[in-house]
Protein chains: 2
Amino acid sequence: MSRPSTVERILDSAEILFAEHGFAETSLRAITSDAKVNLAAVNYHFGSKKELIQAVFGRFLDPFMAGLDQSLEDLLNNNKKMGVEEVLELLVNHILTSKPRQPNDIAIFMKLMGLAYTQNQGHLKRFLTESYGATLDRYFEMLYGSCPGLPVSDMFWRSYFILGSAIFSMSGSEALLAIAKRDHGIDDDIEAIMRRMIPFMAAGLRAHATYDEDPS
Amino acid sequence: MSRPSTVERILDSAEILFAEHGFAETSLRAITSDAKVNLAAVNYHFGSKKELIQAVFGRFLDPFMAGLDQSLEDLLNNNKKMGVEEVLELLVNHILTSKPRQPNDIAIFMKLMGLAYTQNQGHLKRFLTESYGATLDRYFEMLYGSCPGLPVSDMFWRSYFILGSAIFSMSGSEALLAIAKRDHGIDDDIEAIMRRMIPFMAAGLRAHATYDEDPS
DNA sequence: AGGTGTTTCAAACCTACGTTTGAAAATCAT
DNA sequence: ATGATTTTCAAACGTAGGTTTGAAACACCT
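First things first, this report covers the structure right here in the doc. Everything quoted here is computed from the prediction, not taken from an experiment. (Residues numbered from 1 in each chain as written. Chains lettered and ligands numbered in written order. Predicted model: local features only at pLDDT ≥ 70, side-chain atom pairs only at ≥ 80, totals over all residues. Heavy atoms only, no water.)

Concerning the overall build of chain A
Across its full length, chain A holds 10 helices and 0 strands. Reading the helices (α) and strands (β) of chain A from amino to carboxyl end gives α-α-α-α-α-α-α-α-α-α. Taken along the three principal axes of its C-alpha coordinates, chain A extends 60 × 40 × 35 Å. Accessible surface, chain A as shown: approximately 10,600 Å² in total, 54% of it carbon and sulfur. Side chains of chain A give 21 positive and 28 negative charges; the mean places of these two sets differ by 7 Å. (Helix = DSSP H or I, 4+ residues; strand = E, 2+ residues; numbered from the N terminus. Areas by Shrake-Rupley, 256 points an atom, 1.4 Å probe, with all protein chains shown as cover. Lys, Arg positive; Asp, Glu negative; His and termini not counted. Charge placed at Lys NZ, Arg CZ, Asp CG, Glu CD.)

Some thoughts on the protein's contact with DNA strand D
Of all residues adjacent to DNA strand D, which total 15 residues, the nearest are Thr6(A), His45(A), Leu28(B), Arg29(B) and Lys49(B). When atoms of DNA strand D within 4 Å of the protein are sorted by moiety, sugar and phosphate together comprise 46%. One of the side-chain nitrogen or oxygen atoms of Arg29(B) is found 2.7 Å away from a base nitrogen of DNA strand D. Contacts to DNA strand D include Asn43(B), whose side-chain N or O atom sits 3.3 Å from a phosphate oxygen. Elements with a contribution of two residues or more to the surface near DNA strand D: helix 3 (41-46) of chain A together with helix 2 (28-35) and helix 3 (40-46) of chain B. Taken together, the residues of the surface near DNA strand D sort by class into 5 nonpolar, 7 polar and 3 charged. (Near = heavy atom within 4 Å. Polar contact = N/O pair within 3.5 Å; in protein donor to acceptor, adjacent residues only side chain to side chain. Nonpolar A, V, L, I, M, F, W, Y, C, P; charged D, E, K, R; others polar.)

Structural notes on the protein's contact with DNA strand C
Residues in contact with DNA strand C amount to 15 residues; listed here are only the nearest, Leu28(A), Arg29(A), Lys49(A), Thr6(B) and His45(B). In the interface set of DNA strand C, defined as its atoms within 4 Å of the protein, sugar plus phosphate atoms amount to 47%. Here Tyr44(B) contributes a side-chain N or O atom positioned 2.9 Å from a phosphate oxygen of DNA strand C. Residue assignment for the surface near DNA strand C shows that the elements contributing at least two residues are helix 2 (28-35) of chain A together with helix 3 of chain B. When grouped by side-chain class, the residues that make up the surface near DNA strand C number 5 nonpolar, 7 polar and 3 charged.

What follows is the structure, given as structure tokens:
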């Protein structure tokens, strides 16, 4: 087994360190030192720190989103009506079956997704919406279709409510799993959290409309 | 009306700039320049940037949490059984009636709360749990009490699901409200978002347990 | 008014960071 | 093998940031 290329070594280290400490708080020196490559290698191979951040996301999301897009395509062709739980489960299963390079890859990447939403990195949000926005829109369209009779206004906000639940609990999963174990003897893993999210989200989406609007 | 004290001017500027750009991305120079005070004033009055961050939170949360604690105290004395919606509404109303110094104070502070959870500022999390953890625990205890029959494991995770929903949608409310208006003609404000959260969360909390555990 | 403690101020200090440079080393093609 | 290209490396550059300093300005008390 040969030593991974410099590019891969950098991406591997950056992925972990970014997830652990955030983007601004992780220096290129920390990354290159962890990756055991020269400091200048990042600028040589990626151009800048910003482009490195995007590359970290691209390496994971490119295959993931392509696969998700394919699944959505197939389902739309079959046009079988799907329930809320099924649509949610589709995504969960897709995440769980996406081949992780390392055992706790999922946790790391959930943390990164959380950071992408919460850290003020304009370039990253732009990169993500430009690259994967279309696929995400298709997914939420399908989710919307599984909630007949719900006003768009509520559907709009509830999309973000479930997004917030997912990102918050997933990206903090490491700490939360430890608390759950220590304080309540709950022996879950990250898959269990996702499974627990489904009934919660499905019920929330199915709740009566907030205001007695006429869903015209 | 006299010019506000240096300390207040710093807190006012820091509050807004932190909410807008995050902690690490906001320099003391930006804050002091916005507040029209000398650079050294922060270190003189607060000691360090970290302590300034904590002071920003303390100024808002001290009275807020004291009030919440009082409400919880009163309710526990009356020991009337409360439903999920009522417990959620208690918090929402408490937020809405907490006197804002400025019109969009709530939005700013929701953003700060989001940052507190997502930015990797260990000292801040420590400060918040030490200062207000007890009150928050009491609130979640009350919420737990309003969901009879739900296993602790689900209640534990669902607490974080609703926390995530709230923090995510509230802290991004500015941008999301604009999108809602532009793309769907939804004319909400931050209060409307909170009201919309209640049925969603209540239904999610009331959903059947994830696994068919025996709630012993 | 004079003395004391507090607050402001400009300047400097020092560290950490992203990026650049130019030469050395390694890789590859012919 | 040799020349060209790509990759690595140590060192330096420039900047921006948090913090410190010491003197000046101010406020308060008697």
